Amino acid sequence: MTYKRTEITPAQIENQLSVCQSLNRRLASRRAFVDTFGCQQNESDSELLRGYFAEMGCTLTQNEAEADIIVLNTCAVREHAEQRVFGNLGGFTHLKRANPELIVCVCGCMAAQKRIAEKIKKSYSLVNLVFGPDELWRFPELLQETIDGGKRVFATGSGEGSLVEGLPRVREAGVRAWLSIMYGCNNFCSYCIVPYTRGRERSRRAEDVVAEARGLIESGYKDLTLLGQNVNSYGKDLSDGISFAQLIREINAIPGDFVIRFMTSHPKDATEELFSAMADCSKCENHLHLPLQAGSDEILRRMNRGYTAKEYLALAARARSFIPELVLTTDIIVGFPGESEKDFAATLEVVEKARFDAMFTFIYSKRAGTPAATLPDPYTRAEKQAHFDRLIELQNQISAEKHAAYVGKTLRVLIDGFDREEGFLTARTRGGRLVRLPGTAADVGKFAQVTIDGSNTWALKGQIIDNR
Ligand code: SAH
Ligand code: SF4
Ligand code: F3S
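Summarised in this report is the structure supplied together with it. As a convention, each chain's residues are numbered from 1 in the sequence order in which they are written. Written order decides the labels, with chains lettered from A and ligands numbered from 1. Given that this is a predicted model, residues contribute local features only at a pLDDT of at least 70 and side-chain atom pairs are listed and counted only at 80 or more, while totals for whole chains, interfaces and linings are drawn from all residues. The side-chain numbers reported here are obtained from all heavy atoms of the structure, hydrogens and water having been left aside.

## Considerations on the overall build of the protein chain
Within the protein chain one finds 14 helices and 21 strands. What the globule rule says is 2.2 Å times the number of residues to the power 0.38, and the radius of gyration is computed from C-alpha atoms. For 468 residues, the compact-globule formula gives about 23 Å, and the C-alpha radius of gyration of the protein chain, at 23 Å, lands near that figure. Along the longest, intermediate and shortest principal axes, the C-alpha atoms of the protein chain span 60 × 55 × 50 Å. Residues are treated as being in contact if the distance between any of their heavy atoms lies within 4.5 Å. Within the protein chain, contacts between residues at least 6 apart in sequence are counted, and of these 75% link residues at least 24 apart. Surface accessibility in these figures is a Shrake-Rupley result with a 1.4 Å probe; residues are shielded only by whichever protein chains are displayed. For the protein chain, the computed accessible surface area is about 20000 Å², with 50% contributed by carbon and sulfur atoms. His is not counted, nor are the chain ends, whereas Lys and Arg count as positive and Asp and Glu as negative. For charged residues, the charge sits on one atom: NZ in Lys, CZ in Arg, CG in Asp, CD in Glu. For the protein chain, the centre of its 59 positive side-chain charges and the centre of its 60 negative side-chain charges are spaced 2 Å apart. Helix and strand assignments come from DSSP, with helices taken as H or I runs of at least 4 residues and strands as E runs of at least 2, each series counted from the N terminus.

If you want it as structure tokens, here you go:
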């Protein structure tokens, strides 16, 4: 598929907004439910869908049973994510029976795949509209076509890598805001579906990103998470582009008390320029999420990751030499096709050496259309599960030790929300570690000095000593 960067013009957006106006007369007071699966990029896209619904005069609901329009914003990264969506769709049959006017839409990464679109066409007749991430900007027009045309609409896989500025957006109120800086991925890791669902890398212009960051800070957000599949290649596709490190410096220069977070960094593109910007910028988090994926060089090569275990460890050490307090987290895939006992032992060895603060661990999931899907995969699910359990056990022990080392320290944290436990709040350290602490609603959104007095494998516990 040839992919191109297609900048959607302000006139095209105007057009969509006028479609919203005309739908407004018919949809006002209807209820819309947007359900999000997958990563923060999808969370961010769902805010745009909600923005369009607001323009159409719809009320947003969290309850699918009372909705007139349901949108499932889906993820294709692992089979489990897809199964959940199909499970949900199956469950909508009774909703459609109760409300034949119900409109069901499927968008996101699953919808970008022809295979999935065909399956929905054939087996899920209750779905009215399917559209891929590149078509999201013209959701109003597609919805109008669905309503007026009286037939099912499939707008998937146009192959146009769209780049859009200025769409309406309904953000979650609170402390944290998502800020997409780029879309797509060029890396083609052999197991991964994302380059096929999100297209090639395209970066937003720095002035647009910085203006949006400024607006967010002015409206009270305190925690900006810069999003991209590989933020380290930000700007490479722009002729006059600045680097990711320079972008951090520009956002850091915006007046105000706030935190800059970002994800995800690909090890092959993480540079000293980035580490030095992180060290210099007082508002930038001390956290690097640097997915390792595997510790065996042969598996890394077959994954097409572009680094060896030794290079990864050297990079981690380099980052720590710039930022001594660095919190380092990672992703690991267990059971990549052909990963032997010896390969897995290499992963354990790197994990022991790297001493990650936290880890996301996944069992390899075969994705149709990716190169790894054609590799021989002789190991059983039970063998993979046993490796998965051993890896988690090792990491839990390291995380517990790392977290225990915080006890007794006083740190500045940002209090960002309510914990599930009554009377407790959640906060994040500068390195992004979760702190649970007693407090009241008035504390949320504030920076505070806290003393850490407890820890476990996944969080810290603390007490506010000063609200500053
Ligand atoms: N762009 C990000 C990753 C996005 S997907 C990056 O490269 O870091 C998030 C994580 O899902 C990946 O880091 C990987 O560990 C996991 N993942 C991706 N494809 C997978 C697959 N087919 N099976 C299992 N895990 C997968
Ligand atoms: Fe997938 Fe690799 Fe791109 Fe991450 S960098 S989205 S794992 S292809
Ligand atoms: Fe999933 Fe797409 Fe994100 S596949 S992880 S929603 S980019």
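Additional details are given in the paragraphs that follow.
## Points about the site of ligand 2
Throughout, near means a residue has at least one heavy atom within 4 Å of the molecule or strand. Surrounding ligand 2, one finds C185, N187, F188, C189, Y191, C192, V194, P195, Q229, H266 and R305. Split into classes, the residues belonging to the shell around ligand 2 amount to 7 nonpolar, 3 polar and 1 charged. Note on residue categories: nonpolar means Ala, Val, Leu, Ile, Met, Phe, Trp, Tyr, Cys or Pro, charged means Asp, Glu, Lys or Arg, and polar means any other residue, Gly included.

## Some details on the pattern of salt bridges
Salt bridges are defined by distance alone: a side-chain nitrogen of Lys or Arg within 4 Å of a carboxyl oxygen of Asp or Glu. Tallied over the full model, the rule gives 32 salt bridges. In this structure, K236 and D269 form a salt bridge, with 3.7 Å as the shortest nitrogen-oxygen distance. Here K236, found in the loop between β12 (223-227) and α9 (244-252), pairs with D269, found in the loop between β13 (259-263) and α10 (272-280); they are 33 residues apart in sequence, far enough to count as distant. Linked by salt bridges that have partners in common, E47, E165, R169, R171, R204 and E212 make up one network.

## Describing the environment of P133
By secondary structure assignment, the location of P133 is in the loop between β6 (129-131) and α6 (139-149). You can call P133 buried: its relative accessible area is 14%. Distance from P133 to T156, taken between C-alpha atoms, is 8.4 Å for residues 23 residues apart in sequence. Apart from residues no more than four positions distant in its own chain, P133 is found in contact with G108, C109, A112, T197 and R198. The classification of residues rests on relative accessible area computed with a 1.4 Å probe and restricted to protein chains. Under 20% of the type maximum is buried, over 50% is exposed, and intermediate values are partly exposed.

## A look at the side chain of T347
Within the secondary structure layout, T347 lies in helix α13 (residues 341-354). When sequence neighbours within four positions are dropped, the list of residues in contact with T347 reads A294, G295, S296, I332, E339 and L391.

## So, the packing of helix α8 (residues 206-218) against α9
Only the contacting stretch of a helix is used when fitting its axis, a line to C-alpha atoms as for every element, and angles between N-to-C directions run 0 to 180 degrees. Here α8 crosses α9 at 35 degrees, and the two axes come no closer than 10 Å. Along this stretch, α8 crosses α9, giving a crossing that reads as right-handed. Here A206, V209, V210 and A213 of α8 come into contact with α9, specifically with L247, E250 and I251. The residue inventory of the contact of α8 with α9, partitioned by class, reads 6 nonpolar, no polar and 1 charged. Two helices that cross are described as forming a left-handed crossing if the nearer one is turned anticlockwise from the farther one by less than a right angle, and a right-handed crossing if clockwise.

## Examining the sheet that holds strand β15 (residues 327-334)
Only when DSSP finds a minimum of two bridges between them are two strands counted as paired. Judged by pairing direction, the sheet is parallel, and its 3 strands sit side by side in the order β14-β15-β16 without closing on themselves. Looking at which strands have only one partner, the edges of the open sheet turn out to be β14 (287-289) and β16 (358-363). Direction aside, neighbouring strands of the sheet carry axes that sit 10 degrees apart on average. In terms of strand pairing, β15 meets β16 through 6 bridges, oriented parallel. Note on β16: the bridge partner recorded for I332 is T361.

## Some points on the packing of aromatic side chains
Each Phe, Tyr or Trp ring, with Trp reduced to its six-membered ring, pairs with another whose centre is within 6.5 Å; inter-plane angles below 30 degrees give stacked pairs, above 60 give edge-to-face pairs, and intermediate values give tilted ones. Under the criterion given, the structure shown has 10 aromatic pairs. For the ring pair F53 and F139, a centre distance of 5.4 Å and an interplane angle of 75 degrees mean the geometry is edge-to-face. One end of the pair, F53, is in helix α2 (residues 40-55); the other, F139, is in helix α6, and 86 residues separate them in sequence. For the pair formed by F53 and F139, the shared burial category is buried. Taking 5.6 Å as the distance between ring centres and 70 degrees as the angle between the ring planes, the aromatic pair formed by F336 and Y364 counts as edge-to-face. In this pair, F336 sits in the loop between β15 and α13 while Y364 sits in the loop between β16 and α14 (381-404), placing the two residues 28 residues apart along the sequence. As far as the burial class goes, F336 and Y364 line up, both buried.

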